[in-house]
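Understanding the architecture of this molecule
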Amino acid sequence: MMATPGMEDYLEQIYLHIERSGLARASDIADSLDVLPSSVTKMVQRLDREGYVYYERYKGIELTDRGLAFGKKLVKRHDILEEFLRIIGVKEEKIYEDVEGIEHHLSWNAIDRITDLVEALERNPKFVKQLKEDRTKQKDE
């Protein structure tokens, strides 16, 4: 079964919490996603059935190898989209919201091509600088 956008959001947050503090608790995930702990419990049980996490009530949430690999991929997708939007000049205060709005609607092939583009732009800082200067000139006109 493929992960739904909701499953992806939970896996991404579980991965981030484990990376930051070594553990993920339902209450932490609930706070991060602004949902009820009972919603987290239901989703984590589903993720457990799908083989992404190990979940035992009152013992926290652990990622399986599958969950760890997919969580890492989800965080990388989020990061690359943030960087892409930053490079093309999206206002910083809009970037997170925009990434959340688009990340589940792009194919992995599109993400791979955006990654290629971001890497090419990072290798060509003169072009990025020119892009920013052109944007500034357009605002002034």
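Quick look at helix α2 (residues 26-33) now. Inspection of α2 places D28, I29 and A30 among the buried residues, and these make up the whole buried set. In this structure, the buried residues of α2 make contact with α1 (5-21), α3 (37-49) and β2 (61-63). Remark: D34 follows α2 within two positions and exhibits a positive phi of approximately 55 degrees.

For E50, the location among the structural elements is in the loop between α3 and β1 (53-55). Residue class for E50 comes out partly exposed when judged on its relative accessible area of 22%. Along the backbone, E50 and M2 are 48 residues apart, and their C-alpha atoms lie at a distance of 9.3 Å.

All right, on to the packing of aromatic side chains then. Using the criterion set out here, one finds two aromatic pairs in the structure. Centre to centre, the rings of Y52 and F70 are 5.9 Å apart; their planes meet at 35 degrees, and the pair counts as tilted. Taken together, the residues span a long stretch of sequence, with Y52 in the loop between α3 and β1 and F70 in helix α4 (residues 65-87) at a distance of 18 residues. Taken together, the aromatic side chains of Y52, F70 and W108 make up a single cluster linked through ring pairs. One cation-aromatic arrangement involves R66 over Y52; the distance from NZ or CZ to the ring centre is 4.2 Å. The ring of W108 carries the charged tip of K73 above its face, separated from the ring centre by 4.2 Å.

Procedures and definitions
Residues numbered from 1 in each chain as written. Predicted model: local features only at pLDDT ≥ 70, side-chain atom pairs only at ≥ 80, totals over all residues. Heavy atoms only, no water. Buried < 20%, exposed > 50% of the residue type's maximum accessible area, 1.4 Å probe, protein only. Helix = DSSP H or I, 4+ residues; strand = E, 2+ residues; numbered from the N terminus. Contact = heavy atoms within 4.5 Å. Phe/Tyr/Trp six-rings, centres within 6.5 Å; stacked < 30°, edge-to-face > 60°. Lys NZ or Arg CZ within 6 Å of the ring centre and 35° of its normal.

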